[in-house]
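Listed below, chain by chain, are the residues.
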Amino acid sequence: QKEVEQDPGPLSVPEGAIVSLNCTYSNSAFQYFMWYRQYSRKGPELLMYTYSSGNKEDGRFTAQVDKSSKYISLFIRDSQPSDSATYLCAMSATSGTYKYIFGTGTRLKVLA
Amino acid sequence: GAGVSQSPSNKVTEKGKDVELRCDPISGHTALYWYRQRLGQGLEFLIYFQGNSAPDKSGLPSDRFSAERTGESVSTLTIQRTQQEDSAVYLCASSPRGGSNQPQHFGDGTRLSIL
């Protein structure tokens, strides 16, 4: 079993829809949770960075962490065609380590 | 400000040749990371630098792979006697310091194709 599982998609939604992207993990030591957006032929771009459980909102993006279920989510409101990309989750344990464990990414396509 | 810069953006070479990939991190970032991204797969950690030292090289796939960093700045990843399975995107990231509480910022990668 992989440490981090992410549905590869592709996920196609109409413009304006609410998108939910998810990752599950098995390592209860993970404390830091990140979401990256990666456009085709570009590097991953950090979208959201959260510590421990709870919600964090930034514009149209909301990151949610449920440590009891070992489940994290990224919600995108009012999705736009420009949101079409691959979304990668990443997570890491305590501050004593630097290693990120990445999911394989979910491809999202927002249809105009 | 300037982000992480990688060169070349694309590299095509014949099997058996050596290649060098370069990374210029964000100025002032002491931590630097190399990852490999194969098609349809997640990012695979290769090596971590803190300053010019590499305390963790555990992800380097074989002794054909090596990396160095100089001046607490530029890093070079070298692959000797390339094989077809080395074809991938090689990504570099940097962070202000090492540690999970330091978000990593990525360059656009070098797309390496081995013929």
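Now for a look at the structure at hand. (Residues numbered from 1 in each chain as written. Chains lettered and ligands numbered in written order. Predicted model: local features only at pLDDT ≥ 70, side-chain atom pairs only at ≥ 80, totals over all residues. Heavy atoms only, no water.)

Description of the interface of chain B and chain A
In many reports, interface size means the accessible area that the parts give up when they come together. Definition in use: What makes two residues a contact is simply this: any of their non-hydrogen atoms within 4.5 Å. Here, a salt bridge means any side-chain nitrogen of Lys or Arg that lies within 4 Å of a carboxyl oxygen of Asp or Glu. By the criterion applied in these results, polar contacts are pairs of N or O atoms within 3.5 Å in which, for protein atoms, one can donate a hydrogen and the other can accept it, and in which residues neighboring in sequence qualify only through two side-chain atoms. Under the scheme used here, helices are H or I runs from DSSP no shorter than 4 residues and strands are E runs no shorter than 2 residues, and both carry numbers assigned from the N terminus.
Opposite the 24 residues of chain B that make contact, chain A presents 21 residues. The interface formed by chain B and chain A contains two salt bridges. Linking chain B to chain A there are eight residue pairs in polar contact (both at pLDDT 80 or more). Residue assignment for the side of chain B that touches chain A shows that the elements contributing at least two residues are β4 (31-37), β5 (43-50) and β10 (105-106) of chain B.

So, the state of the cysteines
Applied cut-off: Put simply, a disulfide is two cysteine sulfurs that come within 2.5 Å. Only protein chains enter the accessibility calculation, which uses a 1.4 Å probe; a residue whose area is less than 20% of its type maximum is buried, one above 50% is exposed, and one in between is partly exposed.
The tally for this structure, following the rule as stated, stands at two disulfides over all chains. Paired through a disulfide, C23(A) and C89(A) show a sulfur-sulfur distance of 2.0 Å. Residues C23(A) and C89(A) are joined through a disulfide that is left-handed, its torsion about the S-S bond being -105 degrees. Placement of the pair is C23(A) in strand β3 (residues 19-25) and C89(A) in strand β9 (residues 85-92), with a sequence separation of 66 residues. With respect to class, C23(A) is no different from C89(A); both count as buried. Note on cysteine connectivity: C23(B) is disulfide-linked to C92(B), with sulfurs 1.9 Å apart. Disulfide C23(B) to C92(B): torsion about the S-S bond roughly -65 degrees, handedness left-handed. With C23(B) in strand β3 (residues 19-24) and C92(B) in strand β9 (residues 88-95), the pair connects residues that are 69 residues apart, well separated along the chain. The pair C23(B) / C92(B) is uniform in exposure class, with both members buried.

Let's talk about the side chain of R64(B)
All names here are of chain B. Following the sequence through the fold, R64 ends up in the loop between β6 (53-56) and β7 (65-69). One polar contact links the side chain of R64 to the main-chain carbonyl oxygen of R81, over a distance of 3.2 Å. Not counting the four nearest positions on each side in its chain, R64 is found in contact with T78, I79, Q80, R81, T82, Q83, E85 and D86.

Thoughts on the side chain of Q38(A)
Residues and elements named next belong to chain A. Within the element layout of this structure, Q38 appears in strand β4 (residues 32-38). Assessed through its relative accessible area of 10%, Q38 is described here as buried. A distance of 2.9 Å separates a polar atom in the side chain of Q38 from the backbone oxygen of K42.

Brief notes about the nonpolar core
Residue and element names in this part refer to chain A. Definition in use: Residues enter a nonpolar core if they are buried and are Ala, Val, Leu, Ile, Met, Phe, Trp, Tyr or Cys, with the set joined through side-chain atoms within 4.5 Å.
Formed by 24 residues in total, the largest nonpolar core has its most connected members in W35, I72, L74, Y87 and M91. Secondary-structure elements contributing two or more residues to this core are β3, β4, β5 (45-51), β7 (61-66), β8 (71-76), β9 and β11 (106-111). Excluding anything up to four places from it in sequence, I72 contacts L21, N22, C23, Y25, F33, W35, Q64, V65, C89 and M91.

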